[in-house]
Amino acid sequence: MIAAGHTSIGVIIAEVVRTALPSTPLCQQALIVLVVAFLSHYLSDLAPHGHYKVNMKHPALHDRVLLFTDVVAVALIFMAIVVARQGFGVELLLVTIGIIGAQLTDVWDWVIVDRGWVGLKGWVAHHRRFHQLIHWHDVRDA
């Protein structure tokens, strides 16, 4: 599991919340999806899975294509399936929120922080250590 696994879990969470809580107001459904999908990232990181060996500050073209496919293309495929089945509506909104919530931690750590857009100090450094700690291995392991 790399990004596609987290994306899949975010989609499942969105679908479960939508079907299990149909009378709950949309804003509450969206908040539940976001929080549960965000937390799911940490739980799923406990399962053994691989990682990319990419210099996120200067990724090679091949790595950019690979990351784009894994993160963006897979999400777009799920969203296209939702649009084809349900159109543009609540289901698409919740699935999109689920994907964002499930991917937020890695995008934060391995894109925003690694590129230096936010300094690796204070709570950001604490989060990075926690994120690495919960992995079944360190994310930098070969």
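The numbering scheme is per chain: residues are counted from 1 as the chain's sequence reads. It should be noted that, the model being predicted, local features are given only for residues of pLDDT at least 70 and side-chain atom pairs only at 80 or more, the latter also being counted only at that level, while totals for whole chains, interfaces and linings use all residues. Values shown for side chains rest on all heavy atoms present in the structure; no hydrogens or waters enter the calculation.

> Looking at this structure, how should I read a nonpolar patch on the surface?
Candidate patch residues must exceed 30% relative accessible area and have no salt bridge, after which like charges are joined if within 9 Å and Val, Leu, Ile, Met, Phe, Trp or Tyr side chains if within 5 Å. Methods summary: accessible areas were calculated by the Shrake-Rupley approach with a probe of 1.4 Å, and residue burial reflects only the protein chains presented. What counts as a salt bridge is simple: a side-chain nitrogen of Lys or Arg found within 4 Å of a carboxyl oxygen of Asp or Glu. A surface patch of nonpolar side chains, about 420 Å² in accessible area, is lined by Leu31, Leu34, Val35, Leu39 and Ile100. Helix and strand labels come from DSSP, where a helix needs a run of H or I of at least four residues and a strand needs a run of E of at least two; each type is numbered from the N terminus. Considering each element in turn, the nonpolar patch owes the most residues, 4 residues, to helix α2 (residues 26-45). By the secondary structure assignment, Ile100 is in helix α4 (residues 90-113).

> Please explain the packing of aromatic side chains as it appears in this structure.
Geometrically, a pair of aromatic rings is defined through the distance of the ring centres and the angle of the planes. Any pair of Phe, Tyr and Trp rings, taking the six-membered ring for Trp, is counted once the centres come within 6.5 Å. Such a pair is stacked with planes under 30 degrees apart, edge-to-face with planes over 60 apart, and tilted for the rest. By the definition in use, this model includes 3 aromatic pairs. Taken together, a centroid distance of 5.3 Å and an interplanar angle of 80° make the contact between Phe38 and Tyr42 edge-to-face. Placement of both Phe38 and Tyr42 in helix α2 is noted, with a separation of 4 residues, approximately one turn of the helix. Relative accessible area decides the class of each residue, using a 1.4 Å probe on protein chains only: under 20% of the type maximum gives buried, over 50% gives exposed, and in between gives partly exposed. Look at Phe38 and you get partly exposed, because its relative accessible area is 28%. Classification of Tyr42 as buried rests on a relative accessible area of 11%. Relative to Phe130, the ring of Tyr42 has its centre 5.4 Å away and its plane inclined at 50°; by these criteria the two rings are tilted. Here Phe130 lies in helix α5 (residues 123-134) and Tyr42 lies in helix α2, a separation of 88 residues in the sequence. Since its relative accessible area comes to 39%, Phe130 is described here as partly exposed. One aromatic cluster in this structure is built from Phe38, Tyr42 and Phe130.

> I tried to follow the environment of Glu15 on my own but got confused; where do I start?
Its location among the elements puts Glu15 in helix α1 (residues 3-20). Overall, the relative accessible area of 22% leaves Glu15 in the partly exposed class. For the pair Glu15 and Leu92, spaced 77 residues apart in sequence, the C-alpha separation works out to 9.8 Å. Setting aside residues up to four positions removed in sequence, Glu15 forms contacts with Glu91 and Val95. The contact criterion used is simple: two residues touch if any of their non-hydrogen atoms lie within 4.5 Å.

> Could you clarify how one ought to interpret the side chain of Thr105 in this entry?
The residue Thr105 is located in helix α4 in this model. Exposure remark for Thr105: the relative accessible area of 2% places this residue in the buried category.

> Got a minute to help me understand the nonpolar core in this structure?
Side chains that are nonpolar tend, in soluble globular proteins, to be buried together. The set of buried Ala, Val, Leu, Ile, Met, Phe, Trp, Tyr and Cys residues whose side-chain atoms join them within 4.5 Å is what this entry labels a nonpolar core. Judged by nonpolar contacts, the single largest core of 15 residues is most densely connected at Ala14, Val33, Leu94, Val95 and Ile99. Every element with two or more residues in this core is listed here: α1, α2, α3 (61-86) and α4. With 6 residues, α4 is the single largest residue contributor to this core. Those residues in contact with Val33, other than ones at most four positions away along the chain, are Ile13, Ala14, Val17, Leu94, Ile97 and Gly98.

> Help me understand the pattern of salt bridges in this model?
Where charged atoms from two side chains of opposite charge come close, those side chains can pair. Taken as a whole, this structure holds 4 salt bridges when the rule is applied. As a salt-bridge pair, Glu15 and Arg18 come within 3.1 Å of each other at their nearest N and O atoms. Taken together, the residues span about one helical turn, with Glu15 and Arg18 both in helix α1 at a distance of 3 residues. Its salt-bridge partner being Arg18, residue Glu91 comes within 3.2 Å of it at the nearest N-O pair. Of this pair, Glu91 sits in helix α4 while Arg18 is found in helix α1, placing the two residues 73 residues apart along the sequence.

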